[in-house]
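What follows is the residue order along each chain.
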Amino acid sequence: MATILFSNGHSIPVIGFGTGTKWFAGPGKNSEQRDPNPTLVASLTGALEAGFRHLDGAENYGTDLEVGLAIRSFLSAHPDATRADLFVTSKAFPSIPDVRSCCTGTLQRMGLDYLDLFLIHAPFFNEVMIAKGATIESVWKNMETLVDDGLVKSIGVSNFRPSDLKRILAIARIKPVMNQVEWHANLQSPELIEICNENKIILAAYGSLVPIRHLAGDEVDIVSKEIAKSKGVTDGQVLLRWTIQRGVVPITTTENPERIQQFLVVADGVRGPSSFTLTDDEVSKINEAGKRKQFRKFWAQQFEAQGHL
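Residues numbered from 1 in each chain as written. Predicted model: local features only at pLDDT ≥ 70, side-chain atom pairs only at ≥ 80, totals over all residues. Heavy atoms only, no water.

**Q** Account for the overall build of the protein chain, with residues named and values stated.
**A** A tally of helices and strands in the protein chain yields 12 helices and 10 strands. Its C-alpha radius of gyration of 19 Å places the protein chain within 12% of the 19 Å reference for a compact globule of 309 residues. Its C-alpha atoms put the protein chain at 50 × 50 × 35 Å along the principal axes. At a minimum sequence separation of 6, the contacts of the protein chain that also span at least 24 residues come to 74%. Split by element, the accessible area of the protein chain, about 13000 Å² in all, is 50% carbon and sulfur. Positive and negative charge centroids in the protein chain, built from 32 and 35 side chains respectively, lie 1 Å apart. (Helix = DSSP H or I, 4+ residues; strand = E, 2+ residues; numbered from the N terminus. Rg over C-alpha atoms; globule rule 2.2 N^0.38 Å. Contact = heavy atoms within 4.5 Å. Areas by Shrake-Rupley, 256 points an atom, 1.4 Å probe, with all protein chains shown as cover. Lys, Arg positive; Asp, Glu negative; His and termini not counted. Charge placed at Lys NZ, Arg CZ, Asp CG, Glu CD.)

Okay, here's the thing in structure tokens:
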């Protein structure tokens, strides 16, 4: 699978398979003695078998058990494959005051020795009453020690606004390599793109398909369907491909094996002749259609409280 190079020399696959939203179980599930969700394990294993190499998890999702089982199942079935062939992301929240315990707990539940990428899941510590004296700056300093000790290869953030990134960049010894945010045609966040580009921070996107799932009949929905029809693909494939061509890493998920295959078609080098790209004009049409209506689906209350869309 094609990859994007981080500023620290490590690489990330151009598309990831997520374990949040549809699969969300809550952080309490990580501490329970429980049976795994067989549908999620099957979907994760199927995604790996199909060609996905990036699995995206989080403390808050409560799906560490399933991620670990899928990885072990895949590696067991493919003796030539190794842990180094996979890219595993997790995120800290709500255990912000102790990201080290969060990280080591995640590794234990997944059965891994290290994470490829570990993110601060959100900057809204005080808003949800979990700060316990922690600040963005103090948490970042603790994140840096996880790299020093080999527990994670790269560190970054999620749901960070430009003002939050500036606070980290002002004190960082190890700079964030990624900011994973809600990002789609109706939420293009040019100010955020600018600061990320200036500081070589790769943007990852969850909610790439929000325009067709929550804004049916609006301009982006119409344009993406028109492009899809002309290329013999789905509107979801069009928006994921648009995301990649904008230089952003989409995180998506499904339990439908056919859609897993469809999603992989958008990643260069995965399906060869069946892959497709958008023309510059098609990318521009989606850009312009999205700019005419701004919409945020996730964390809306927290962003609005800070004066951000």
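**Q** So what's going on with the packing of helix α8 (residues 219–231) against helix α9 (residues 235–245)? Residues and values would help.
**A** Running from N to C, α8 and α9 point in directions that differ by 100°, and their axes come no closer than 8 Å. Considering the angle they form, α8 stands roughly perpendicular to α9. Each of V220, D221, S224, K225, I227 and A228 in α8 lies in contact with α9, whose residues at this interface are D235, V238 and L239. The class makeup of the residues in the contact of α8 with α9 is 5 nonpolar, 1 polar and 3 charged. (Axes fitted to C-alpha atoms, helices over the stretch in contact; angles between N-to-C directions. Parallel < 35°, antiparallel > 145°, perpendicular 65-115°, else oblique. Nonpolar A, V, L, I, M, F, W, Y, C, P; charged D, E, K, R; others polar.)

**Q** Tell me about the nonpolar core, and name the residues and values.
**A** Of all hydrophobic cores here, the largest spans 92 residues; its most connected members are F118, I120, M143, M178 and I286. Those residues within four positions of F118 in sequence are excluded, and the remaining contacts are S90, K91, A92, V99, C102, C103, M143, L146, V152, S154, I155 and G156. (Core = buried A, V, L, I, M, F, W, Y, C linked by side-chain atoms within 4.5 Å. Buried < 20%, exposed > 50% of the residue type's maximum accessible area, 1.4 Å probe, protein only.)

**Q** How would you explain the sheet that holds strand β9 (residues 202–206) if you had to name every residue and give the values?
**A** Here we have 8 strands rolled up into a closed barrel, ordered β3-β4-β5-β6-β7-β8-β9-β10, and parallel in their pairing. Averaged over all pairs of adjacent strands, the angle between strand axes in this sheet comes to 30°, irrespective of strand direction. (Pairing = 2+ DSSP bridges.)

**Q** Give me the lowdown on the pattern of salt bridges, citing residues and values where you can.
**A** In this structure the tally under the stated criterion is 15 salt bridges. Between K141 and E144 there is a salt bridge; the shortest N-O distance is 3.8 Å. Of this pair, K141 and E144 are both found in helix α4 (residues 136–148), 3 residues apart, which corresponds to roughly one turn of the helix. Residue K141 is classed as partly exposed on the basis of its relative accessible area of 37%. On the basis of relative accessibility, which here comes to 1%, the residue E144 falls in the buried class. Among the ionic contacts, a cluster of salt bridges with common partners joins D221, K225 and D235. (Salt bridge = Lys/Arg side-chain N within 4 Å of Asp/Glu carboxyl O.)

**Q** Can you lay out α8 for me, pointing to particular residues and giving the numbers?
**A** Between the first and last C-alpha of α8 there are 19 Å, a value that for 13 residues agrees with the 18 Å anticipated at 1.5 Å per step. Taken together, the buried positions of α8 are V220, D221, V223, S224, I227 and A228. In this fold, the buried residues of α8 make contact with α7 (210–213), α9 and α11 (280–291). After α8 finishes, the residue G232 shows a positive phi value of roughly 70°. (Expected span 1.5 Å × (residues − 1).)

**Q** Before we move on, could you go through the pairing of strand β10 (residues 249–252) and cite the residues and values that matter?
**A** Here β10 shows a buried face lined by V249 and I251 and a second buried face lined by P250 and T252. Where strand β3 (residues 16–18) and β10 come together, 2 bridges link them in parallel fashion. The residue bridging G16 from the neighbouring strand is I251, located in β10. Summarising the sheet, β9 and β10 pair through 3 bridges and their orientation is parallel.

**Q** Can you explain the side chain of N287? Please cite residues and give values.
**A** Relative to the elements of secondary structure, N287 occurs in helix α11. At 2.8 Å, the side chain of N287 and the side chain of W242 are in polar contact. In terms of polar contacts, N287 uses its side chain to reach the side chain of R246, at 2.9 Å. Beyond its immediate sequence surroundings of up to four residues, N287 is in contact with Q188, W242 and R246. (Polar contact = N/O pair within 3.5 Å; in protein donor to acceptor, adjacent residues only side chain to side chain.)

**Q** Quick one: what's the story with the packing of aromatic side chains, residue by residue and with numbers?
**A** Tallied over the full model, the rule gives 4 aromatic pairs. Cation over ring: R83 sits above Y114, and NZ or CZ is 4.1 Å from the ring centre. (Phe/Tyr/Trp six-rings, centres within 6.5 Å; stacked < 30°, edge-to-face > 60°. Lys NZ or Arg CZ within 6 Å of the ring centre and 35° of its normal.)

**Q** Summarise the environment of R72; cite the residues concerned and give the values.
**A** Locating R72 in the fold gives a position in helix α2 (residues 64–77). For the pair R72 and K225, spaced 153 residues apart in sequence, the C-alpha to C-alpha distance is 38 Å. The residues contacting R72, other than those within four sequence positions of it, are M110 and G111.

**Q** Describe the pairing of strand β6 (residues 115–120), with residues and values.
**A** Burial runs high along β6: 6 of the 6 residues are buried. Bridge analysis of strand β5 (residues 87–92) against β6 gives 4 bridges, and the strand direction is parallel. Note on β6: the bridge partner recorded for A92 is I120. Considered for its hand, the β-α-β crossover made up of β5, helix α3 (residues 99–110) and β6 is right-handed. As paired elements, β6 and strand β7 (residues 152–158) share 5 bridges and run parallel to each other. Paired with L115 across the strands is V152, a residue of β7. (Right-handed = clockwise from strand over helix to strand, strands pointing away.)

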